[in-house]
Amino acid sequence: MKKKICLVFCRKDSKRLKNKNLALFLGKPLLYYTYKNIKKSKLFDRIILSTDGKKIAQTGKKLGFEVPGLRPKRYAKEKSNVFDAHNYIFKKLLLDDKNSIVCIVNNNPFINSKLLNKTYKIYKKFKYKYITTLARPTSTDEVYYRQFKKKNKKIIPLFKKKLIKSKINSNQTEKTFYNLGEIRWASIKLLSSFKKYNENLSRKGNKFYLIDRDDYYDIHTHKDLKLSETLYNLNKR
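Each value, and the rule that gives it
Residues numbered from 1 in each chain as written. Predicted model: local features only at pLDDT ≥ 70, side-chain atom pairs only at ≥ 80, totals over all residues. Heavy atoms only, no water. Helix = DSSP H or I, 4+ residues; strand = E, 2+ residues; numbered from the N terminus. Rg over C-alpha atoms; globule rule 2.2 N^0.38 Å. Buried < 20%, exposed > 50% of the residue type's maximum accessible area, 1.4 Å probe, protein only. Contact = heavy atoms within 4.5 Å. Lys, Arg positive; Asp, Glu negative; His and termini not counted. Charge placed at Lys NZ, Arg CZ, Asp CG, Glu CD. Phe/Tyr/Trp six-rings, centres within 6.5 Å; stacked < 30°, edge-to-face > 60°. Arc of directions from axis to C-beta. Patch = residues over 30% accessible without salt bridge, like charges linked within 9 Å, V, L, I, M, F, W, Y side chains within 5 Å. Areas by Shrake-Rupley, 256 points an atom, 1.4 Å probe, with all protein chains shown as cover. Salt bridge = Lys/Arg side-chain N within 4 Å of Asp/Glu carboxyl O. Pairing = 2+ DSSP bridges. Axes fitted to C-alpha atoms, helices over the stretch in contact; angles between N-to-C directions.

Engineer: Looking at this model, I keep getting lost on the overall build of the protein. Mind explaining?
Structural biologist: Of regular secondary structure, the protein possesses eight helices and ten strands. Here the C-alpha radius of gyration of the protein, 19 Å, is about what a compact globule of 237 residues would show, namely 18 Å. For the protein, the spread of C-alpha atoms along the principal axes amounts to about 55 × 40 × 40 Å. Buried residues in the protein amount to 43% of all 237 residues. For the protein, long-range pairs separated by at least 24 residues make up 71% of all intrachain contacts whose partners lie at least 6 apart in sequence. Looking at charge distribution, the protein has the averaged site of its 59 positive side-chain charges lying 2 Å from that of its 19 negative ones.

Here's what the structure looks like:
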């Protein structure tokens, strides 16, 4: 029988929020909430932490993570492709699609056991054939064809034809969704290559569990950290 494996990847040198993965969130490290929520889901046979940081590894072990040594620096640089780190761990631990069902989970307190179970049920329902993630609605003011890029000291639309044909009223705006990568259920073959992962998404689309905009907050800065603590407490009420 295949083992269900949860993998969490934490890099030591976060830039915008120093030591982000060990940052205190309501008095406890972010990793505390991630492990607690994964464990509470009762889904996984193994909960594995991959990191290049000694302090992160030590904290992870104390919390209960399996830590298979430190990740080589070439897989933990600012511009490193995390899918290469996935592939490194798969090979090191001899994980493949014949012996494992894998979920990649980001280190974030909003990824709770309910979301893990909901996404797994969808992944299983469709016989593990579709990438399964979280998704949330985008604001009608931020729909993709209203995105611009900077060029020659001005901004110009990325999707000119679509913008010209668009409607002004928000109730006539095309509904769009943001595909969150905070939970990724997928085959090891796809999780080993960012290009293959995106090719599969482009060809087949993916299954998803829809969440509200306030159900999740991405943490990149100290300000994000403080705002997310407030939202987290509000969501618990």
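That covers the picture; the talk isn't over yet.
Engineer: What's the story with the packing of aromatic side chains in this structure? I'm lost.
Structural biologist: Aromatic ring pairs are described here by two measures, namely the spacing of the ring centres and the angle between the planes. Counted according to the given criterion, the structure contains 19 aromatic pairs. Judged by centre distance (5.1 Å) and plane angle (85°), the rings of Tyr32 and Tyr33 are edge-to-face. Classification of Tyr33 as buried rests on a relative accessible area of 6%. Among the aromatic residues, ring-to-ring pairing joins Phe25, Tyr32, Tyr33, Phe110, Tyr216 and Tyr232 into one connected group.

Engineer: How do you make sense of unusual backbone geometry when you look at a structure like this?
Structural biologist: Working note: non-glycine residues mostly have negative phi, and peptide bonds are mostly trans. The phi angle at Leu26 is positive, at roughly 55°, despite the residue not being glycine. Tracing the chain through its elements places Leu26 in the loop between strand E2 (24–25) and strand E3 (28–29). Overall, Leu26 belongs to the partly exposed group, its relative accessible area being 35%. A positive phi angle, near 60°, is found at Lys42, a position not held by glycine. Along the polypeptide, Lys42 turns up in the loop between helix H1 (30–41) and strand E4 (46–51).

Engineer: Mind showing me how you'd approach helix H2 (residues 54–63) here?
Structural biologist: Side chains that are three or four residues apart share a direction in an α-helix, a result of its 3.6 residues per turn. For H2, every residue scored as buried is listed here: Ile56, Ala57 and Gly60. The buried side chains of H2 occupy one side of the element, clustering within an arc of 100° when seen end-on. With respect to the buried face of H2, the exposed residues turned more than 90 degrees away are Lys54, Lys55, Gln58 and Lys62. Residues of H2 that are buried sit in contact with strand E1 (3–10), H1 and E4. Phi for Gly64, located one or two positions after H2, is positive at around 130°.

Engineer: Help me out: how do you make sense of a nonpolar patch on the surface in this one?
Structural biologist: Together, Phe177, Phe208 and Leu210 give the surface a local cluster of nonpolar side chains, amounting to about 290 Å² of exposed area. Topologically, Phe177 is positioned in strand E9 (residues 177–186).

Engineer: Explain the sheet that holds E1 to me, please; I cannot follow it from the model alone.
Structural biologist: Sheets are built from strands paired through backbone hydrogen bonds, the pairs being either parallel or antiparallel. Strands sit in the order E4-E1-E5-E9-E6-E10 across an open sheet of six strands; the sheet is mixed. A single partner strand is all that each edge strand has here, and the edge strands are E4 and strand E10 (207–210). When the angles between neighbouring strand axes are averaged without regard to direction, this sheet yields 30°.

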